[in-house]
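# Structural description and commentary
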Amino acid sequence: MDFLENENLSLIKQSVKDFALQYIEPHIMEWDESQKFPIEVFKEMGKMGFMGILVPEEYGGFALSYDEYVVIIDELSQIDPSIGLSVAAHNSLCTNHILEFGNEEQKKRWLPKLASGQTIGAWGLTEHNTGSDAGGMSTTAVKDGDFWVINGAKNFITHAISGDIAVVMTRTGNKGEKNNSTAFVIEKGTLGFSSGKKENKLGMRASETAELIFDNVRIPDENRLGEVGDGFKQALKILDGGRISIAALSLGIAKGAYKAALKYAKEREQFGTVIANFQAINFKLAEMKTEIDASELLIYKAAYLKNNNKPMSTEGAMAKYYASEACVKISSEAVQIFGGYGYTKDFPVEKFYRDSKLCTIGEGTTEIQKLVIGRNILKD
């Protein structure tokens, strides 16, 4: 693996940074406090290629690798993790599910609009009573001729209100059975398909999170992704790649908090010197930088394997586990370095601190990552 940044990655990094500083940074706290999902910014990001990062050119995407994908999520998240989270969910969950498991007709039908940002994507797996136990879902799809009738609800769904289409996992067999789940694409405006309660969250407040509700939703069989019964298998594969997304999001949060803390520590004077010279503060900064670099190495190892179509379930889980826990610790230490100012909304570390915790929960908790790693190492 070559970790030396090439010209292409440098150009992408700079373009993302320039975009974020122009279109995102001036509105961070406004969006956070009002919980506004800035859909107009996502349309602009579509023009930049940020909404179809991994999609092949034949479907209107930019055909980039996971290296570029990590850079884009990382850079966006250094400015506003909420935006990084939504871009990740759109790309790696909804769009990537159709790319991975859709047939040619389905790809041509939905991917171009997703890749351009004309269409915002959602992905529905989690339910009120099934988080990590996704195999016990209650949302059902029952075959009725050439149609399927879907009933139930999903919660904690990114873009549940503003999304134009959703890839939804349903139960098509009995609870507890193997291969009892099937994935469907459902478009906004379908009769019986609606959104519910919008969550009032601790952090990531500009990334919309709400319920999806299905009340006798009839969709044609042509909206089914893959074979009947393969939905949960598909979801697990999508979540493997999604772990790279959340790890990259975590990396961006950690870098953003670290950079703010380092700058402050070099400027804040106490007892006649800047606080960065105090060993207590200097050691914190040293630990933060080391954990950031360790996270980055784990992430790019997983990305390398993903780019080369090699098994990466363990490496993806390791990257997500380590980077997410590290970003919580780093953002907490950043608040500590700022002292009382870090507890106010006048400085960015307060928001990084609130946003960071989601990374240890979303797309598989820390405990689930350890479970994946632990099971896999026993197979070696």
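Residues numbered from 1 in each chain as written. Predicted model: local features only at pLDDT ≥ 70, side-chain atom pairs only at ≥ 80, totals over all residues. Heavy atoms only, no water.

### So, the overall build of the protein
The cut-off we apply is this: Under the scheme used here, helices are H or I runs from DSSP no shorter than 4 residues and strands are E runs no shorter than 2 residues, and both carry numbers assigned from the N terminus. All radius of gyration figures rest on C-alpha atoms, and the globule criterion is 2.2 Å times the number of residues raised to 0.38. Categorising residues by exposure relies on relative accessible area from a 1.4 Å probe, with only protein chains included: less than 20% of the type maximum marks a residue as buried, more than 50% marks it as exposed, and the intermediate range marks it as partly exposed. We call two residues contacting when some pair of their heavy atoms lies within 4.5 Å. Here the accessible surface of atoms and residues is derived via Shrake-Rupley with a 1.4 Å probe, and residues count as covered only by protein chains that are part of the display. Counting rule applied: Lys, Arg positive; Asp, Glu negative; His and chain ends not counted. Taken as the charge centre is NZ of Lys, CZ of Arg, CG of Asp or CD of Glu, depending on the residue.
A count of helical and extended segments in the protein gives 11 helices and 10 strands. The C-alpha atoms of the protein give a radius of gyration of 21 Å, which matches the 21 Å a tight globule of 380 residues would have. Within the protein, the fraction of its 380 residues that count as buried is 54%. A fraction of 74% describes how many contacts in the protein between residues 6 or more apart in sequence connect residues 24 or more apart. When the accessible surface of the protein is split by element, carbon and sulfur atoms take 52% of a total near 16,700 Å². Taken together, the 43 basic and 51 acidic charged side chains of the protein have centroids lying 3 Å from each other.

### Looking at the nonpolar core
We apply this condition: Nonpolar cores were defined as sets of buried Ala, Val, Leu, Ile, Met, Phe, Trp, Tyr and Cys residues, with membership established by side-chain atoms within 4.5 Å.
Counting residues in hydrophobic clusters, the biggest one holds 71 residues, and the most contacted among them are Ile 24, Met 45 and Ile 337. With sequence-adjacent residues up to four places away left out, Met 45 is seen in contact with Phe 19, Phe 50, Met 51, Leu 76, Ile 83 and Val 87. Tyr 59, Leu 93, Leu 111 and Ile 165 belong to the second-largest nonpolar core, a separate cluster that totals 23 residues.

### Comments concerning the environment of Thr 182
With respect to the helices and strands, the residue Thr 182 is situated in strand S5 (residues 181–187). Overall, the relative accessible area of 0% leaves Thr 182 in the buried class. Separated by 46 residues in sequence, Thr 182 and Val 228 have C-alpha atoms that sit 5.3 Å apart. For Thr 182, the contacting residues outside a window of four places in its chain are Val 168, Met 169, Thr 170, Thr 172, Arg 224, Glu 227, Val 228, Gly 229 and Gly 231.

### Notes on the packing of aromatic side chains
Note the cut-off: Two aromatic rings, drawn from Phe, Tyr or Trp (for Trp, its six-membered ring), form a pair once their centres lie within 6.5 Å of each other, and the interplanar angle then sorts them: stacked below 30 degrees, edge-to-face above 60, tilted otherwise.
The final tally for this structure, using the stated rule, is 11 aromatic pairs. A centroid spacing of 5.7 Å and a plane angle of 85° characterise the contact between Phe 19 and Phe 50, whose relative ring orientation is edge-to-face. Here Phe 19 is found in helix H1 (residues 7–24), whereas its partner Phe 50 is found in the loop between helix H3 (39–48) and helix H4 (66–79), with 31 residues between them in sequence. The structure contains a cluster of three or more aromatic residues connected by ring pairs, namely Tyr 264, Phe 338, Tyr 341 and Phe 347.

### Digging into the pairing of strand S7 (residues 209–220)
Stated formally: Pairing between two strands requires that DSSP report at least two bridges joining them.
In this structure, strand S3 (residues 147–158) lies alongside S7, joined through nine bridges in antiparallel fashion. Its bridge partner being in S7, Ile 150 is matched across the sheet by Val 217. Two elements, strand S6 (residues 193–198) and S7, share four bridges in a ladder whose sense is antiparallel. Residue Ser 194 lies in a different strand from S7, and its bridge partner there is Ile 213.

### Things to note about the packing of H1 against H3
Our working rule: Axis definition: a line fit to C-alpha positions, over the contact stretch in the case of helices; interaxial angles, taken between N-to-C directions, run 0 to 180 degrees. Roughly parallel refers to an angle under 35 degrees, roughly antiparallel to one over 145, roughly perpendicular to one between 65 and 115, and oblique to any angle outside these ranges. Note on convention: the crossing is left-handed when the near helix lies turned anticlockwise from the far helix by less than a right angle, right-handed when the turn is clockwise. In this classification, Asp, Glu, Lys and Arg are treated as charged, Ala, Val, Leu, Ile, Met, Phe, Trp, Tyr, Cys and Pro as nonpolar, and every other residue, Gly included, as polar.
In contact at an axis separation of 12 Å, H1 and H3 are set at 160° when each is read in the N-to-C sense. With respect to each other, H1 and H3 are oriented roughly antiparallel. Judged by the sense of rotation from one axis to the other, the crossing of H1 with H3 is right-handed. Facing H1, whose interface residues are Ser 15, Phe 19, Tyr 23 and Ile 24, H3 presents Val 41, Glu 44, Met 45 and Met 48. A breakdown of the residues in the contact of H1 with H3 according to their chemical character gives six nonpolar, one polar and one charged.

Taken by themselves, the reported measurements are silent on function.
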